[in-house]
Structure formats: C-alpha cells, structure tokens
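Letter by letter, the chains look like this.
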Amino acid sequence: MAVDLRLVLPGTTAAPLHGLAASRAIEAQACARAGDFTLMLRAGTDAARLALARWPHARRVWVACGPGNNGGDGLVMARCLHQLGRQVTVTHLSGRGTVPADAQRALAQAVQAGVTFGDAPAPGAVDLAVDALLGLGQDRPPGEAVLALIDALHACQAPILALDLPTGLAADSGQTLGEHGVRASATLSLLTLKPGLFTADGRDHAGEIWWSTLGATLDGAAPDALLLGADEARRLPPRPHAGHKGAFGDLWVLGGAAGMQGAAVLAAHAALAAGAGRVYLATLADTAVHALPGAPAALMHRDTHALRQPERLAAATVVAGCGGGGDMGAELPAPIRHAARLVLDADALNAVAAEPALATALVARGHAARPTVLTPHPLEAARLLDSSTRAVQADRLAAARALARRFGAVVVLKGSGSVIATPEGPPWINATGNARLASAGTGDVLAGWLGGRWAALGDATDAAARAAREAVWRHGLAADRAGPHVLIADSLIEAMLASTADAA
Ligand SMILES: NC(=O)C1=CN([C@@H]2O[C@H](COP(=O)(O)OP(=O)(O)OC[C@H]3O[C@@H](n4cnc5c(N)ncnc54)[C@H](O)[C@@H]3O)[C@@H](O)[C@H]2O)[C@@H](O)CC1
Ligand SMILES: Nc1ncnc2c1ncn2[C@@H]1O[C@H](COP(=O)(O)OP(=O)(O)O)[C@@H](O)[C@H]1O
Ligand SMILES: [K+]
C-alpha cells in the first residue's frame, strides 16, 4: 500500500519529532488500529518504493537485516524488490533471542518468494546497500556481529539507505551509541520522525531524511521536539510603511575588549542588517569605533558608562559578550537588572558561569519575567551547567531545556542541529545550517542578528523566541545556500540579508 512518503531534509517544512517512548506509544496505537503485520508491510513497501525512486538504476541490492522488527522491514523490502526483478541478497543476523512474530512472517515470505540469502557482498558488487540492522530497539552499543556488518555496509562503495534509524544512532539524542555507526546516504524514518536524526551526530549519520507515517495518525503522543521549518521561522510582521528608526528599537552591543573588537563590530553590523533602528557599540577597549576596520558607518559609539543607566536600559535591547574578554562580568549587573531585552553570548555566558552573583541576578531576572536569550555553544552550555561538553552533546535537548528552565530564558544551544528551548513547551531543532558556519565570528553574527530582530519586534508576543527561531534558521539558510567552502562571518551577514529578499 502506497502511503505518504516525503522528503524532509533537505527541505523547509516544519514537522513534529517523537522520541523512543512517544514513538512506541504511537506504534502500539497504530498496530492496534491497522492489525498485525500491516505496518511492517507498509514500511517494507515504502522502503522499496523509495529505493526505486531515488536509485532507479540500482539493479543489485544488498539488505543487511538484524534480528528484530527493523530486520523485518528489510525482509519485506527485499521481497518487494526481488518481485520487481532486482537482484537482491539478504544477510540475516539472528540475535540472542527469538525473532519477533512479524519479522518471522516477513522472513518466511522472503524465503518463499525465492530471495537469495548469503554473506555480505564484496566491495563494488552491489548498487545499493540497505541498513535494516537495528532501529528503535537499540538498547546498547552495537555488538561485534553488528559492527562487522556496519563495516561491510561502508565497504560496499554504494549508497546506503537506512531504515528507521541509522544503526548505532540513539533516537532521542542523536548520540552514537558505540564506537561507530552507519553513515547512510539517506534514512527513511518510519511512523515518526526521531529527534536524534536532526542534531548532535544525527545529521552526519542520517544523510537525506525521508519519512513515511505508514498511514498512521500521530495523535498518540505529544511531540518531544519540533523541526523548525521555513513557515515558522519567517513568520515576522512586515515593517510598517510609516515606521521610523525610533520605532525599531535601540540596541547596544556590549563587548569588544582590546584585541577582540572585531566580534563586537560583527554583532553590531548584523544587528543593523536585521532591522534594529539604532545600534550603539559599547566597547570595553578605548579604540574609537570608526577606527575599527569594517565598522558600519551608521554605528554609534558610546562608552560603557551609558550602559549603567537604568533609564537608558529600560527600553533597550542589549547584546552582551561578543569579544568581551575577562572584564565582561563587571559590566553585566546593570543590563541583567534593567535591560528590556537581553541577549547573552560568549564571554557574557562565561562570566555568568564563573560568577555566582551574576547567575543569581539572571535567575531573578527570569523570575521578574524580563526576557533573556542565551546563545551558548556546547562548551559554554557545559560551563553554565557545571558539566562537560560531552555530557551536553549526549543530550542536547535536555541540556538546552535545563538552561531555559533554570534562567527562565530562551536558549539557543548552537552546533549541528541548533536547539531552541523555552522554559515551557517542546524545543525546536533547526533544520538549516552546516559546517560552513564552523569558523570564527559566525556566532557573533548570530547574536547580533537575533538582537536586531528582537529590537525591531519590541514587546510583541513571544518576541524573544520568534527572533531566536528566525535568526537561527536564516543563519543556517545562508550557509546552505553558500558555495562549497567556509562562509566567513563578514559575507554571512550579506548572505542573510540577501535571503530576506525572498521572505517576509
Ligand atoms: N512493530 C511494528 O509493528 C513496527 C516496527 N517497525 C520497525 O521495528 C523497529 C523496532 O523493532 P524492534 O523493537 O524489534 O527493535 P530492533 O529491530 O531495532 O532491534 C531489536 C533486536 O536487536 C537486538 N539488539 C538491540 N541492540 C543491539 C545491539 N546493540 N547489538 C546487537 N543486537 C541488538 C535486540 O536484542 C533485539 O533482538 C523499528 O525501528 C522499525 O524499523 C516499524 O516498521 C513500524 C511497525
Ligand atoms: N557543523 C555545524 N553545523 C551547523 N551549524 C554550525 C556548525 N558549526 C558551527 N555552526 C554554527 O556556527 C555558529 C558558531 O558560533 P560560535 O561557536 O559561538 O563561534 P564564534 O563565537 O567564533 O562566532 C553557531 O551558530 C553554530 O550553530
Ligand atoms: K536501521
């Protein structure tokens, strides 16, 4: 039965993401509705359809099947392709326990249809390899036999299609479970889309991401996260025709210590490009701002004393931390207490992590319902959580949520599959962006752009989270549209600006 097969990544559509427990709940409900074996038949059939559509010239197909129902999906797929005249070989790994009933039925049907069973093929002997080893049932790092088949899949020198999850990848977190896992060309996620496909190691292991709901409805469980799509990210109000610079907010960039002024200039430039009405640069160094290379002409310079005045701060958006250095902490108490809108990045986050009084003030700010956005990369998040980068990366969704709750803030945990978390509700995972952004200064651009968008939105409902979603999404979009090499921070601002031409 043909059902609802769609490409998710690369793509621009928002989607609900369900982790292991929610996927199991939806699976139980869908199985009860559809009847035994029906879902597996749909899964295997859709996998075969995808293989034929995506690799129409693949004649020789190897399907590596594991001992559970993921293997069952592979067996149904193998039978379908065999019946359509493809030259199919299956390697079936029997596990420690008994093969589940659905997978046994799929095995019996494949045998009866005359599918060939055998060992892993020699390199170059197939046109398409299928990873149906393990899916949702992975509860430990791949064992020796599975690892040998993972190696054989990679050795095939053919595209690899993973069913449901690339073997070795955790559904909830996107962490690899052991030494290594399958690095697929494409993954067909079944029934639900799993968050782990989109963040941490997920993107490198999943490749293109396809999705079949297997004809089921997803009302069985609330989503654990949401994939950020274009519609949601672009949903910003148009600038009123009669708007003037005073209507789009005053923004202060606080940072730029000696030797690090470039970071503050980048953030200020990005804030102007994102639509802030007036941008001031309060540098921690003495250099006149117009002497700084690349500083936009519209930028205004103030010393940091101006940022200690509550009345100035009461209407201002402050982006603090870009190139702030070790003196950052001394400048933060007033903005934390009084700024209407506050973005903390880089050295401002490090100061909060290092100085308990600042952390206490930030928590109090959250209790007072003054909005804040924190934009840590994983190491900065680890410092704030008093944990390690490894622990943060092991569960990025949980780390972002923990910070959001602790500080009553919107948190952007940066990196592959940036996570945007708020104290309540499911976090978002960004679908755009790539390692072209992995170069110095791109984080300063993100913080500045986010602040600029937020300043222009002012006190609109949910403005902090909306600005964060738009900034993160557009930042990644610019990288997705860039050439094959690194995108340096200066060009990133221009690319983000250019991308607004085709969006509201
Ligand atoms: N039950 C159903 O109706 C459906 C099942 N589906 C498929 O079924 C999968 C889940 O099936 P299962 O729950 O049987 O789980 P899996 O097939 O993912 O794996 C379970 C089996 O693998 C073994 N195992 C787990 N971790 C291992 C490791 N690290 N090394 C070696 N062996 C390991 C377990 O002991 C068990 O035998 C989904 O991912 C999906 O592909 C979907 O087609 C939807 C419908
Ligand atoms: N591999 C990647 N995939 C997607 N985005 C990335 C990747 N590497 C870096 N980025 C993005 O680039 C930016 C880098 O920010 P950061 O680490 O703070 O650097 P800096 O402070 O030097 O500007 C973040 O927005 C991050 O999400
Ligand atoms: K798999």
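Computed from a prediction, not measured in an experiment: that's the story for all the values here.

1. Topic: the pattern of salt bridges
One pass over the full model with this rule turns up 14 salt bridges. With its nearest N and O atoms 2.9 Å apart, the salt bridge here joins R308 to E331. Here R308, found in the loop between β13 (300-302) and α9 (310-313), pairs with E331, found in helix α10 (residues 328-331); they are 23 residues apart in sequence, far enough to count as distant. Using a relative accessible area of 40% as the deciding quantity, one classes R308 as partly exposed. Note that K414 and D345 form a salt bridge whose closest N and O atoms lie 3.4 Å from each other. Of the two residues, K414 is situated in the loop between β17 (410-413) and β18 (419-421) and D345 in the loop between β15 (341-344) and α12 (346-354); the sequence distance between them amounts to 69 residues. You'll find K414 and D345 in the same group, each marked buried. Because the salt bridges share partners, they merge into one network encompassing R453, E470 and R474.

2. Here we look at the UniProt feature "binding site: AMP" (unreviewed entry) in the chain
Residues annotated in UniProt with the feature "binding site: AMP" (unreviewed entry) correspond here to K414, G415, S416, G417, S418 and G443. Over a stretch of 30 residues, the named residues converge on one spot in the fold, their C-alpha atoms separated by at most 14.3 Å. By the secondary structure assignment, S416 is in the loop between β17 and β18. The residues touching S416, leaving out its near neighbours within four places in the chain, are F198, T199, A200, R203 and R396. Residue placement: G417 occurs in the loop between β17 and β18. Once residues within four sequence positions are removed from consideration, G417 is found in contact with F198, T199, R396, I429 and N430.

3. Quick notes on the site of ligand 2
Around ligand 2 lies a shell of 17 residues, among which K414, G415, G441, T442 and G443 are the nearest. One nitrogen or oxygen atom from the side chain of S418 is found 3.3 Å from an oxygen atom belonging to ligand 2. G443 places a main-chain nitrogen or oxygen 2.5 Å from an oxygen atom of ligand 2. Contact with the protein chains hides 78% of the accessible area of ligand 2, taken as 570 Å² for the molecule alone. Top element by residues in the shell around ligand 2 is helix α17 (residues 442-457). It accounts for four residues.

4. Some details on the packing of helix α8 (residues 261-274) against helix α19 (residues 489-499)
Relative to each other, α8 and α19 sit at 5°, their axes nearing to 10 Å. Taken together, the axis directions place α8 and α19 in an arrangement best described as roughly parallel. Contacts between α8 and α19 involve L266, H269, A270 and A273 from the former and A489, D490, I493, E494 and L497 from the latter. Of the residues in the contact of α8 with α19, the class split is six nonpolar, one polar and two charged.

5. A look at the sheet that holds strand β16 (residues 372-374)
With mixed pairing, 11 strands are arranged side by side in an open sheet as β2-β10-β19-β18-β17-β16-β15-β14-β11-β12-β13. Looking at strand neighbours, the two that pair on one side only are β2 (15-17) and β13, the edges of this open sheet. Across this sheet, the average inter-strand angle for adjacent strands is 20°, counted without regard to direction. In this structure, β15 lies alongside β16, joined through three bridges in parallel fashion. From the neighbouring strand, V343 faces β16, where its bridge partner is V373. On the sheet, helix α18 (residues 463-481) packs against β10 (225-228), β16, β17, β18 and β19 (428-430) and is oriented at approximately 15° with respect to β17.

6. Here we look at the nonpolar core
Ranked by size, the top nonpolar core spans 58 residues in total, and within it F198, V318, L332, L344, V352 and F407 carry the most contacts. Lining this core are residues from two domains, each supplying at least three of them: domain 1 (5-223) and domain 2 (243-502). For V352, the contacting residues outside a window of four places in its chain are L332, L344, L358, A359, L362, L384 and F407. L236, V412, W428 and A468 belong to the second-largest nonpolar core, a separate cluster that totals 54 residues.

7. Here's the deal with α12
Counting buried positions along α12 yields seven of nine residues, so the element is predominantly enclosed. Listed as buried for α12 are A346, D347, A348, L349, N350, A351 and V352.

8. Overview of the site of ligand 1
Around ligand 1, the surrounding shell holds 25 residues, and the nearest of these are N70, D73, G135, R140 and D164. Between ligand 1 and N69 there is a distance of 2.8 Å, counted from an oxygen atom to a backbone nitrogen or oxygen. A distance of 2.9 Å separates a nitrogen atom of ligand 1 from a polar atom in the backbone of P141. Secondary structure elements with two or more residues in the shell around ligand 1: α1 (20-34), α2 (38-54) and α3 (69-83). Taken together, the residues that form the shell around ligand 1 break down as 11 nonpolar, seven polar and seven charged.

9. Remarks on the packing of aromatic side chains
The full count for this structure, using the stated rule, is one aromatic pair. With a centroid separation of 4.6 Å and an interplanar angle of 20°, the aromatic rings of W252 and Y280 are classed as stacked. Placement of the pair is W252 in strand β11 (residues 250-255) and Y280 in strand β12 (residues 278-283), with a sequence separation of 28 residues. A single burial state applies to W252 and to Y280, both of which are buried.

10. Section: the UniProt feature "domain: YjeF N-terminal" (unreviewed entry) in the chain
Following the UniProt record, the feature "domain: YjeF N-terminal" (unreviewed entry) maps to residues 23-222 here. End C-alpha to end C-alpha, residues 23-222 measures 10 Å, and it is 37% helix and 16% strand.

Calculation rules
Going along each chain's sequence as written, the residues are numbered from 1 onward. Labels are handed out in written order, letters beginning with A for the chains and numbers beginning with 1 for the ligands. Only residues with pLDDT of 70 or above have their local features reported here, since the model is predicted, and side-chain atom pairs are shown and tallied only from 80 upward, although totals for entire chains, interfaces and linings are computed over all residues. Side-chain measures were taken over the full set of non-hydrogen atoms in the model, leaving aside hydrogen atoms and water. The salt bridge definition used is simple: a Lys or Arg side-chain nitrogen within 4 Å of an Asp or Glu carboxyl oxygen. Secondary structure elements follow DSSP: runs of H or I no shorter than four residues count as helices, runs of E no shorter than two count as strands, and numbering proceeds from the N terminus. Burial classes: relative accessible area under 20% of the type maximum marks a residue as buried, over 50% as exposed, and values in between as partly exposed (1.4 Å probe, protein chains only). UniProt positions are given in the numbering used here, feature names are shortened, and annotations may be inferred rather than shown by experiment. The contact criterion used throughout is that any non-hydrogen atoms of two residues lie within 4.5 Å. We call a residue near a molecule or strand when any one of its heavy atoms sits within 4 Å of it. For this analysis, a polar contact is any N or O atom pair within 3.5 Å, provided that within protein one partner can donate a hydrogen and the other can accept it, and provided that sequence-adjacent residues contribute only side-chain to side-chain pairs. To be clear on the numbers: accessible area is Shrake-Rupley with a 1.4 Å probe, and residue cover counts the displayed protein chains and nothing else. To obtain each axis, a line is fitted to C-alpha atoms, and for helices this fit is confined to the stretch in contact; angles are then taken between N-to-C directions over 0 to 180 degrees. For classification purposes, an angle smaller than 35 degrees is called roughly parallel, one larger than 145 roughly antiparallel, one from 65 to 115 roughly perpendicular, and anything else oblique. When residue character is reported, Ala, Val, Leu, Ile, Met, Phe, Trp, Tyr, Cys and Pro are called nonpolar, Asp, Glu, Lys and Arg charged, and the others, Gly included, polar. Think of it this way: DSSP has to see at least two bridges between two strands before they count as a pair. Here, nonpolar core means buried Ala, Val, Leu, Ile, Met, Phe, Trp, Tyr and Cys residues that are tied together by side-chain atoms lying within 4.5 Å of each other. Annotation comment: domain bounds sourced from an automatic or database domain assignment. Note on ring pairs: Phe, Tyr and Trp rings are taken, using the six-membered ring of Trp, and paired if centres are within 6.5 Å. Classes follow the plane angle, with under 30 degrees stacked, over 60 edge-to-face and the rest tilted.

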